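Topology and contacts: notes
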Amino acid sequence: MLQKGFCDDCALPASSHFGFWLEGLADVLLPQRFLGFLHRYLAKTADLSMEKFLLALHLVKWREDFPVADIQLRSTCFIEEARKAGLKIKALYGPIGPTGNFLAQKPNGHKFRFEVLPDAGFLSKYGPGLVDDKKAAKGLLQKAGLPVPPSKFFWFFRQRAAFKYGLKLDWPLVVKPRSGSVARHCYTNITTPDQLKIALKKVVVFSPCLVVERYLAGCSVYRATVVDFTNVFCCQQIPANVVGDGQQTIRQLIDQKNNLPNRGRVQQNNFTLFQIKEDAVTQDLLDKMGYNFSTVPPAGEKVFLQKNPFLRLGGDIAEVTEKMHPDNKELFERVARLFGLRLVGIDFLASDIAVSWQKQACAILEVNVVPCIEMHQMPSDGQPQNISQKVVDLALKYY
C-alpha cells in the first residue's frame, strides 16, 4: 500500500511529477550532441563550483557515517564493495537528506566524485543525455541495424494523433515517456482503445513527450548490464506471482511472500524486491482462471497476480547470466560500445535469452546510464552476480 500523496504509476510523490515533466522538456529541446559537449567539458566544472558554494553556506555537508537506508540500493551495493577494496566514501547531504552525490578516496589518496554509481561517463562521446532520450537512442540503434520495435514520438498536445497511430500500429502496444527510467509511467501490453486512451492521459502527467510502440506479445523482459564493455550480466523480470503448494490459499501464499525479509514497501530504498500489489488487474487475472483469494492452487502451479513485470508491482527477478546465448552477450557488448558507455543497462524483449537474438522475435527497448545492479546481486531466483566488484574495478581503472 502506497503512502498518501504517492502516485500509483511511479511510486513517487505526486508532487514530483512537475519536476520530471520539466526535465523531460529539457531533454527534448536541447540537442543531444550539445548535451554531450556540456557533459564532457562544462558539467564537472559547474558541479564543483556549485558544490563549493553550497558548502560555504553550510547548506550541504559531506558525511562518512551515513546510514545505507538513506541511499539507493545500487549505490549501497557499490559502496560496500568499494570499502572492501580500501576506498573511503562520503555522501553529500542537503537540507532534506542525501543528494545522491558521493566523494570517494582511493587507497593512493586520489579523490573523485560520482552520482549514484561511478560510470566513467566522461569518456562517452555522447554523454548521458542521448541515452536518456529514447528517440535519439533509438535512432542510433536503428542506424546500427540493431533490433528495435516500430514506434513514433508525440508531444503531449498530440494525444489524438498518438491514439490514431496506435490504432494503425495494431495491438498490443506500449505507451511510455520519451525520457526517464525505471519504467515510470510506462504502460505495456495495451490491447484495447480504452486502455490506450487511459495510458496516453497518464503519461502526459509525467512527461511532455511520449512514445507509442509495438509490444512483442509472449516475450519476457530481460535486463542486461554491461561493465567496461566486456563484463555482461543478464536477469529476467517476472510479473508478480505465487506458486501453489497444494495446501495454502492464494491469500496465504501472498502474505507469506510479502513477509519475506528481502521484500519491502515500494518507498523503501534498501530493497530490490517489493511486496505484491493487489488491484483490479489482480482480480481480473484471478477471475479469468476461475480463482479467488480463497482458492488453494495445485502444488507447483504459478498463479500470476500482475501482467507487467515491474518490481514496484511485486515482480520477481531471475538471474540468467549463465543461460545467456553468446550471440546475445555479443549484442549487449555491441550496444555498450555503440554509445561509448562503460556502465550501462539494456532492456531487452525476447522469448528466450538462451536462444540467439538472430533466431527469434526480439527488440532492444531502451538503454539506461545508471543500471540497477542490485537486480543481479539480489535476485529472487538464480545465482547472484557480484557486479559491484566489476564496478569497483571500473572506478579504480578510470578515475
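Now for a look at the structure at hand. (Residues numbered from 1 in each chain as written. Predicted model: local features only at pLDDT ≥ 70, side-chain atom pairs only at ≥ 80, totals over all residues. Heavy atoms only, no water.)

Where burial is concerned, most of strand β17 (residues 362–368) is hidden: six out of the seven residues are buried. Sheet topology note: the strand β16 (residues 343–350)/β17 ladder contains six bridges and is antiparallel. Across the sheet, Ala 350 pairs through a bridge with Cys 362, a residue of β17. (Buried < 20%, exposed > 50% of the residue type's maximum accessible area, 1.4 Å probe, protein only. Helix = DSSP H or I, 4+ residues; strand = E, 2+ residues; numbered from the N terminus. Pairing = 2+ DSSP bridges.)

Here Leu 146 shows up in the loop between α5 (134–143) and β5 (151–155). By relative accessible area, Leu 146 is classed as buried at 5%. It is 19 Å that separates the C-alpha atoms of Leu 146 and Val 369, two residues lying 223 residues apart in sequence. Not counting chain neighbours up to four residues away, the residues in contact with Leu 146 comprise Leu 141, Leu 331, Arg 334, Val 335, Leu 338 and Ile 364. (Contact = heavy atoms within 4.5 Å.)

Attention now goes to a positive patch on the surface. Residues Arg 160, Lys 164, Lys 197 and Lys 201 make up a contiguous surface patch of positive charge. At the level of secondary structure, the elements contributing two or more residues to the positive patch comprise α6 (159–169) and α7 (193–206). Classification of Lys 197 as partly exposed rests on a relative accessible area of 43%. (Patch = residues over 30% accessible without salt bridge, like charges linked within 9 Å, V, L, I, M, F, W, Y side chains within 5 Å. Areas by Shrake-Rupley, 256 points an atom, 1.4 Å probe, with all protein chains shown as cover. Salt bridge = Lys/Arg side-chain N within 4 Å of Asp/Glu carboxyl O. Lys, Arg positive; Asp, Glu negative; His and termini not counted. Charge placed at Lys NZ, Arg CZ, Asp CG, Glu CD.)

Next up on the list: the sheet that holds strand β6 (residues 173–177). In spatial order, the strands read β5-β8-β6-β7; together these four strands make up an open sheet with antiparallel pairing. Unpaired on one side and paired on the other, β5 and β7 (187–190) mark the two borders of the sheet. For this sheet, the mean inter-axis angle between neighbouring strands, taken without regard to orientation, is 20°. Both β5 and strand β8 (residues 209–214) contribute to a ladder of five bridges, which runs antiparallel. Note that in β8 the partner of Lys 152 across the bridge is Val 212. In the packing of α6 onto the sheet, the strands contacted are β5, β6 and β8, and the crossing angle to β8 comes to about 10°. Across the sheet, α7 lies against β6, β7 and β8, angled at about 15° from β6, the strand it touches most. (Axes fitted to C-alpha atoms, helices over the stretch in contact; angles between N-to-C directions.)

Any empty space left between atoms is shown by rolling a water-sized probe over those atoms. Taken as a whole and judged by the stated rule, the model has two cavities of 30 Å³ or more. There is about 90 Å³ of room inside the largest cavity. Lining the largest cavity are 14 residues; nearest its centre among them are Lys 134, Lys 138, Glu 213, Leu 365 and Glu 366. Elements supplying a minimum of two residues to the lining of the largest cavity: α5, β8 and β17. (1 Å grid on protein atoms, 1.4 Å probe; cavity = no way out; pocket = protein on both sides within 12 Å on 5 of 7 lines; lining within 4 Å. Points joined across faces, edges and corners; volume = space filled by probe spheres on them.)

For the rest of this paragraph, the subject is a nonpolar patch on the surface. On the surface, Met 50, Phe 53, Leu 57 and Leu 59 cluster together to form a nonpolar patch covering roughly 390 Å² of accessible area. Position of Leu 57 relative to the elements: it lies in the loop between α2 (32–56) and β1 (61–63). A relative accessible area of 45% means that Leu 57 is categorised as partly exposed.

As for its position among the elements, Ser 388 is in helix α12 (residues 387–398). Overall, Ser 388 belongs to the buried group, its relative accessible area being 0%. A polar side-chain atom of Ser 388 sits 3.1 Å from the main-chain carbonyl oxygen of Cys 77. Among the polar contacts listed, one links the side chain of Ser 388 to the side chain of Gln 377, at a separation of 2.6 Å. (Polar contact = N/O pair within 3.5 Å; in protein donor to acceptor, adjacent residues only side chain to side chain.)

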